[in-house]
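Chain by chain, the residues run as shown.
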Amino acid sequence: MANTIKLNMEVLCVYILVFIFLPQVFSKDPETISVVIDKTDSLEQEYIQIMKPPTYIDSLSVLTLEYRCPENSVVGVEVVIHLNEINSTIQTPHRYWKCSQNYGLNKKKKIRIKIPDAISFRPSISNKVYYRVFTSKLRAWIINKTQFEKSKDKQNVYVMASTKASYDVRIHEPYSRRMIKPWKACPIWYWRMLNRIPDYVNKLSCEKEEEVVKVVSYPTALNGRAYGIYRSFEPYKSPVLESERLKKFHNPTFTISMWVYILEYCPNKGPNGRRFCSLVMHSDWKRSKTPCIILTPDGSFQIEVWFKDGSTSAMKPHFILPRHQWFRLTLSFMYKTWLLTVNHGKNRNETFQTYYTYDKELFMDDTTGYFVFGGNENSMPTILGYIGETKYYRRKYMLPTQIPYPSPYHPMFELGLTHREEKCAKFINWIDKRVEVYKRLTKSVSSKDVCQSYFNELLKSIHKSSRVKQCSVERSPRPRYYRIVNSFIKRSALKGKTVSHKNMTEVADQLYNNATSLIEVGLTKIPRVVPLLKQSSCLGNTDAMFMLAVILNNGVYVKSDEIQGQAYLMMASMEGNILASLALAHKHMFGIDGVPFDKPQAYMYYKFVADKTRDDIEEHKSTNVLTEFVRLTDEATLQKQTDEEGDVFLWLKHQAQSGVLSAQRHVARSLFWGSQGLKRNIDAAMSYFREGAATKNPNDMYDYGILLYKGSGSNKNQTEGKKMMEQAAEKLNPNAMSALGWIAMRERNYTKAATLFDQAHKRGSMDGGYYLGIMLMHGLIPNKPVDMDLAKIFFIGAAKRGHIDAGVQFALISMKGTAINKRNVHIATEWARHIAEKNPGLGHILHKALHFYRQMNMPQALFYYMMAADTGTEVASFNLAYLCEENKEGMVHLIEKECQWRNYNMTIQREIQFVSSYSLIKMGDYHWYGCQADRNIEKAAKYYGLAANKGDPHALFNIAMMVEEGVTIPDNTWTLARVGTQHRIDNMTLLTHLYSRCKESRKTEAYLPCTIALFRIQFMDLWTRYHIWMKLSSIIGIAVFTTMTFYTVCHHFRHRRQLEDTV
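Here's a quick rundown of the structure. As the structure is a computational prediction, the values presented were derived from the model and not from experiment.

**A short note on the nonpolar core**
- Formed by 243 residues in total, the largest nonpolar core has its most connected members in Leu295, Leu321 and Tyr386.
- With 10 residues, helix α31 (residues 858-869) is the largest single contributor of residues to this core.
- Non-local contacts of Leu295, meaning those with residues more than four positions away in its chain, are made with Ile262, Tyr265, Cys266, Phe276, Cys277, Leu279, Ser300, Phe301, Leu321 and Ile383.
- Core analysis: the next-biggest nonpolar cluster, separate from the first, contains 26 residues, Leu83, Ile111, Ala140 and Ile171 among them.

**Focus on the packing of helix α16 (residues 578-590) against helix α29 (residues 825-836)**
- Close contact between α16 and α29 brings their axes to 12 Å; oriented N to C, the two are set at 145 degrees. In the packing of α16 onto α29, the handedness of the crossing is left-handed. Residues Leu582, Met589 and Phe590 of α16 touch α29, and the partners they reach there are Thr829, Glu830, Arg833 and Ala836.
- A per-class count over the contact of α16 with α29 returns 4 nonpolar, 1 polar and 2 charged.

**Points about the pattern of salt bridges**
- Applying the stated criterion to the full structure yields 35 salt bridges.
- Two residues, Arg614 and Asp805, come together in a salt bridge whose shortest N-O distance is 3.6 Å. Of the two residues, Arg614 is situated in helix α17 (residues 599-618) and Asp805 in helix α28 (residues 804-816); the sequence distance between them amounts to 191 residues.
- Each of Glu242, Arg245, Asp365, Asp366 and Arg394 takes part in a single network of salt bridges with overlapping partners.

**Examining the sheet that holds strand β3 (residues 47-51)**
- With antiparallel pairing, 3 strands are arranged side by side in an open sheet as β3-β4-β8. What marks the edges here is a single partner per strand, and that holds for β3 and β8 (107-112). Here the strands of the sheet are splayed against their neighbours by 25 degrees on average, with no regard to which way each runs.
- Pairing of strand β4 (residues 62-68) with β8 involves 6 bridges; the strand directions are antiparallel. Within the sheet, the bridge partner assigned to Thr64 lies in β8 and is Lys110.

**Details of the state of the cysteines**
- Tallied over the entire structure, the rule returns 5 disulfides.
- Across the disulfide from Cys69 sits Cys99; the S-S distance is 1.8 Å. Note on the Cys69 and Cys99 pair: the S-S dihedral is about -120 degrees, so by sign convention the disulfide is left-handed. Residue Cys69 is found in the loop between β4 and β5 (73-82), and its partner Cys99 is found in the loop between β7 (95-98) and β8; the two are separated by 30 residues along the sequence.
- The class for Cys69 is buried, based on a relative accessible area of 6%.
- A residue is classified by how much of its surface remains accessible, and Cys99, at 8% relative accessible area, is buried.
- The connectivity of the disulfide bonds within the protein can be written as 1-2, 3-4, 5-6, 7-8, 9-10, using the sequence rank of each bonded cysteine.

**Overview of the packing of α28 against α29**
- Where α28 meets α29, the closest approach of the two axes is 8 Å, and the angle between their N-to-C directions is 155 degrees. Regarding the angle of α28 to α29, the classification is roughly antiparallel. Crossing handedness for the pair α28 and α29: left-handed. Counted together, Ile804, Gly807, Val808, Phe810, Ala811, Ser814 and Met815 of α28 and Val825, Ile827, Ala828, Thr829, Trp831, Ala832 and Ile835 of α29 form the full contact between these two elements.
- In the contact of α28 with α29, the residues fall into 11 nonpolar, 3 polar and no charged.

Analysis parameters
- Residues numbered from 1 in each chain as written.
- Predicted model: local features only at pLDDT ≥ 70, side-chain atom pairs only at ≥ 80, totals over all residues.
- Heavy atoms only, no water.
- Core = buried A, V, L, I, M, F, W, Y, C linked by side-chain atoms within 4.5 Å.
- Buried < 20%, exposed > 50% of the residue type's maximum accessible area, 1.4 Å probe, protein only.
- Helix = DSSP H or I, 4+ residues; strand = E, 2+ residues; numbered from the N terminus.
- Contact = heavy atoms within 4.5 Å.
- Axes fitted to C-alpha atoms, helices over the stretch in contact; angles between N-to-C directions.
- Left-handed = near helix turned anticlockwise from the far one by under 90°.
- Nonpolar A, V, L, I, M, F, W, Y, C, P; charged D, E, K, R; others polar.
- Salt bridge = Lys/Arg side-chain N within 4 Å of Asp/Glu carboxyl O.
- Pairing = 2+ DSSP bridges.
- Disulfide = S-S within 2.5 Å.
- Parallel < 35°, antiparallel > 145°, perpendicular 65-115°, else oblique.

Okay, here's the thing in structure tokens:
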């Protein structure tokens, strides 16, 4: 059991042990030892020492030796160097000499010891071989001449010597050593310059090794589930450092320093049903490794390690981790001993320490598996709270006093968690007081109907007259924005309901609904909305937290406050809010709004939403709709959007009722998933699926059968559903085969399940591939071992076809890695984001924004697109930028942050296949015209080229205009625009090609401007080539035209005069 330090006499003993004894054991400070053997007369005894021994030594160090020795003795000095802690010892050549005849007198001698250049000097062109030193000792000795001559290799002279001295010295790290110089000569004038030539120095310099790793630099919200931040550490690039690391597997040295803020210890159970949770876990797919810090529901914790022989140990200190405050936990590990320190209290002025030493060797390799800070998926959940700045010191034993505290302006302190909790506590305290007030009022009203005795009435009157007059509690002033809460408490008390802050979900929803109603009146109402959203947030409404975060982050009619916006996002994310988790992930994904770029941290939030996406889709709520990405510039898609009373839906419904199979299937899927603007209606969808199944169409039979089996809608009939799917499978429907395999797997008939999945997979079923991956992942296929890499192949195949669960599993395997394939954080994060953005919660916000846009309510459309854009959805950012560009009703001046270019820029950060050419053109215009920045023609050409690659005629037109203006366009832009060298012979050929492609585009609106531009350059080309003949012909033409006109006019007047004369 670990020994806990308490404030008594035992504290002093432990501190002496930890801070005095341990540093001496592992210190490298100089230590002098002088030994005298077999001497009795102090005036004649041998004596030797090095005066002022140096801390660091190299070949240029001059030593002063003081000694006294008899005539038949030999004096020597040497340096013993250990390249690592086990072997590889180097002993420098001895410097020795015979003693003179002046015995009994102290003598001094200055000497210089030759140390190999590979150890003494910095790596350079003149010193290509170098070594790092683990320990080194400077030794001096006096030995009898006879014994010295008997020593053959002179390596054991120090052991045989009667008088000797030893000093611990250090040798600098390789690139902190002196530069080598020519010996026995003045340095050549170009010597220093030669050793600093970049081509030579860079080849010999080593890459920077990350030994102090910032695992977490920005606060992370943990929701108590099995999600955390995954990190892995690579082997050292330096062969010397890597060699040292490999030899320390059984004597590990490292330090973990982490800041934690706990709200609740272990709110959720793990997969094994036990309520444990992790703060730090080193693990792989099979088991945990050294070290692990595990918490229990009562707030105690244990340190788990693994030994060399494979056994484990868990030590539990007698200390409860504090809640509702930031504290620093430091775990310092050296060989078999760990020291754990917790700094807590208001100013971290309280300290808990404990240490433990094991009696056998441990095993720890930090390059295997992964470290997870927080919860480990499929293994162990974590706390409800926050992890702040966390550092991992590789190969370093750090005492807590050696690790500085972060700045008081660090984001984890700027979040103001404790202050916000105190303000919410005051609000809740006010609620409790109002509840008591209305309880007393209710009792007093009911007591008036009861007859009281004369004696009781007399006592009440005497008591009333003796009281000092003051305002009654029920008439005391209350804050302006507490009206809604106060009304709810009053109504509940009058109805006799039990009211407290713990069951005020209804009033929290009412506050949020009231706030949204005010916003829908106009964005100018937001200053009145903010207090309502804060109250609703205190009562636990996560939608209010997210809306408040969006308002504060963007500065919508209030002062922008990014850090407080982050705080509300974290609060909502901890309670499981989808949109808040997406927003936090988005900020870490791109490093915006004051949040650092950190993909593993973004993955944690994305993965939580991705895991919920399948369940949220299958949870049939009328408010849930399919997440559809509709651009406001896409008029064709906008026209397809409808509702239950829309013309499009009514026409499809009419066709479906008339027996048109395609219409029945379309209406059924639209109602089932809530697509094209429709609300989900499972019962109505089931009726259309039933009609389709009656036609014996295998696809409709499968759809209806699986819904019957799972019980979607009002009816559940597993027997009938399975029968329907078997009939569809007989018609070789691959989805029906997969469903039957899923049923067999649930019945533990793994042979049948694997056969059906394989058949379905070969016929193109994404479900078949997914379930084959699941069986391989868990070793369920008979006669086949667990194969994570093959499972990963099946998952990616199914995920590319749109399978949500397959995408989730592929992201998890990519993040953790396998025995063959290393972790791929980028791929894991991208797939987690791709799945997370299909969540119906995001679809509901997009649907609401589109609904307001179709109603021409632009301020509301802008606000809800802003909410969706904060989650990082590309289409939402695009639509928000478009609305800000249009700026109808002058909405943009209500937003503090720049709205248009910021969001257009965010849309182009995604994979190019998801980016709209409209956004690329807008960003090209941004750089071409130098909007809000300096003009950048190269970037403008790049974005126009990317848009041209997508076939946008506007981009081709812009590139052509750049050519006409004489701009030199980079070759990579022509590659992007797919313009070959044969079209770039001269400007005329190039412009003709560009304008021709622009004219022939599918976008009909481009035909007229591109045709005119093409005609213009063709005419200009003709003019350039034949301008003399064209001028001459023009003159002749004008002369002929003038002559003919004059002749015609004259003839007309002459003919008219003749007619008049005739008359």
